[in-house]
Amino acid sequence: MTLITDVRLRRVLDSRGNATVEADVTTENGGFGRAKAPSGASTGEYEAIELPVSEAIAAGREHAVPRLVDSVYAGDQREVDEALHAADGTDDFSEIGANTAVAISMAAAKAAADVLGAPLFQHLGGAFRGDSFPVPLGNVIGGGEHAADATHIQEFLSVPVGAPSAEEAVFANAAVHAAVADLLDERGVAAGKGDEGAWAPSIDDSEAFEIADEATTLVADEVGFDIRVGLDVAGAELYDADDEVYRYGDETRDKAEQIDYIAGLVDEYDLVYVEDPLDENDYDGFAALTDRVGNRTLICGDDLFVTNVERLTEGIDAGAANSILIKPNQIGTLSDTVDAVEQAVRNGYEPVISHRSGETEDTTIAHLAVATDAPYIKTGAVGGERTAKLNELIRIEQNA
Ligand code: PGA
Ligand code: ZN
């Protein structure tokens, strides 16, 4: 069996050099799982609360660990996650921290898989998966909250929709990332990288569209399958609630203009995916845009839904979006995360399993994407904390 016998929490580094929570869960019969919490920069207003790491660890040790050790089976994920909720006692993990909660929740799942001798994706429900694999959305140009003095739109994504395998999709995104560097170089534009490894040049959004379009077309010709462009607008970060406008530097767009602008981009660049095109409180705006272009592109809610079943239900009722971004640390446990995926799928919303801008070498989301048969995974294109997940996806595909 998988009775939890020990839970340890420690402070480790994330990809931005900030502290984050690592959890080790040990079970009887030698099961061991280790997981780390990621962290956002363009965080949604309605996300579960990430506490300062030292506070989260102290609160976890005081409240969560005693409820888990010698009382809960790691293999019973719902019991683990209910114990975390009971230890916290709030509805947003503001007592023990969503960072501590998600690290323990994921570490328990890994410990349970370890006892079974099964890969994590199988333990999480992927035993009957078919041949399909999640298509990786690769961030190749970006700015917003992830890089200073770069594009207003947060992420320009390479989406290899025609790739015959996860492996070829992953390499296609890396090739697009390299092609973007060449195109920037040809234009004499210097660029560093943002938090997720995307190029972060000081260019306007229209030039970024040109370059993303050209780079994906070039690589698609080389590899012989279709590669499209997607976006994470991160609309809540652009939105000025006082003046009720979206600010792109000196340029502003009101809500109607923003909807027109995005709908125009979908047609002009044949966008396959648009995340957070509007503010995180604007269900109506999301619904109007989905009504206009939802038959030919995915309109995905990230800050809008925050992996929260109640917020997703509100969106479904309003007809807002047709896709949901899934980030385990937005809600704090794997059970709540899978509930959001299942609610989405039941209602025809495509789930996209996602990393955060602050990441670690943890690979749980690669397994989660396969386990839930998600059509997409968003986890960058290059950079060690991103390639950890991408390489794991390649291994899972090969049953390695
Ligand atoms: P975050 O950004 O992790 O900084 O919130 C990622 C996203 O908005 O999708
Ligand atoms: Zn987002």
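Note: the structure precedes this text.
Below: a short report on this structure. (Residues numbered from 1 in each chain as written. Chains lettered and ligands numbered in written order. Predicted model: local features only at pLDDT ≥ 70, side-chain atom pairs only at ≥ 80, totals over all residues. Heavy atoms only, no water.)

Here we look at helix H8 (residues 255–268)
The test is simple: Per the convention used, a helix needs a DSSP run of H or I reaching at least four residues, while a strand needs a run of E reaching at least two, with both numbered from the N terminus. In this analysis, the expected span of each helix is defined as 1.5 Å times one less than the number of residues it contains. Only protein chains enter the area calculation, which uses a 1.4 Å probe; residues under 20% of their type maximum are buried, those over 50% are exposed, and those in between are partly exposed. The contact definition used throughout considers only heavy atoms, calling two residues in contact when any of these lie within 4.5 Å. Whenever a nitrogen or oxygen atom comes within 3.5 Å of another N or O atom, the pair is scored as a polar contact, on the condition that within protein one atom can donate a hydrogen and the other can accept it, and that pairs from neighbouring residues in sequence are kept only if both atoms are in side chains.
When the terminal C-alpha atoms of H8 are compared, their 20 Å separation across 14 residues agrees well with the 20 Å that a helix rising 1.5 Å per residue should span. Where H8 is concerned, the buried positions are Gln-258, Ile-259, Tyr-261, Ile-262, Ala-263, Leu-265 and Val-266. Elements in contact with the buried residues of H8: helix H6 (205–223), strand S8 (228–232), strand S10 (245–248), strand S11 (251–253), strand S12 (273–275) and helix H9 (283–293). Residue Asp-254 occupies the N-cap position of H8, its side-chain oxygen lying 3.2 Å from the main-chain nitrogen of Ala-256. Within two residues after H8, Asp-270 carries a phi angle of roughly 50 degrees, on the positive side.

Examining the nonpolar core
Selection criterion: In this description, a nonpolar core means a group of buried Ala, Val, Leu, Ile, Met, Phe, Trp, Tyr and Cys residues linked to one another through side-chain atoms lying within 4.5 Å. Segment limits for the domains were obtained from an automatic or database-derived domain assignment.
Within the largest apolar cluster, 119 residues are counted, with the highest numbers of intra-cluster contacts made by Leu-68, Val-180, Phe-209, Leu-271 and Tyr-273. In terms of residue count, the dominant contributor to this core is helix H3 (residues 98–116) (12 residues). Both domain 1 (4–117) and domain 2 (126–399) contribute no fewer than three residues apiece to this core.

Re the packing of aromatic side chains
Stated precisely, the cut-off is as follows: Stacked, tilted and edge-to-face are the three classes assigned to paired rings of Phe, Tyr and Trp, where Trp is represented by its six-membered ring and a pair needs centres within 6.5 Å; plane angles under 30 degrees give stacked, over 60 edge-to-face, the rest tilted.
Counted under the stated rule, the structure contains 5 aromatic pairs. Between Tyr-248 and Tyr-261, the aromatic rings sit 5.6 Å apart at their centres with planes inclined by 85 degrees, giving edge-to-face as the arrangement. Taken together, the residues span a long stretch of sequence, with Tyr-248 in strand S10 and Tyr-261 in helix H8 at a distance of 13 residues. Accessibility assignment for this pair places Tyr-248 and Tyr-261 in one class, buried.

Notes on the sheet that holds S11
What counts is decided by this rule: Note on pairing: two strands pair once DSSP finds at least 2 bridges between them.
Ordered in space as S9-S10-S11, the 3 strands form an open sheet in which the pairing is antiparallel. The open sheet has two free edges, formed respectively by strand S9 (239–240) and S11, since each of these has just one partner strand. In this structure, S9 lies alongside S10, joined through 2 bridges in antiparallel fashion. Residue pairing across strands places Tyr-239 opposite Tyr-246, the latter belonging to S10.

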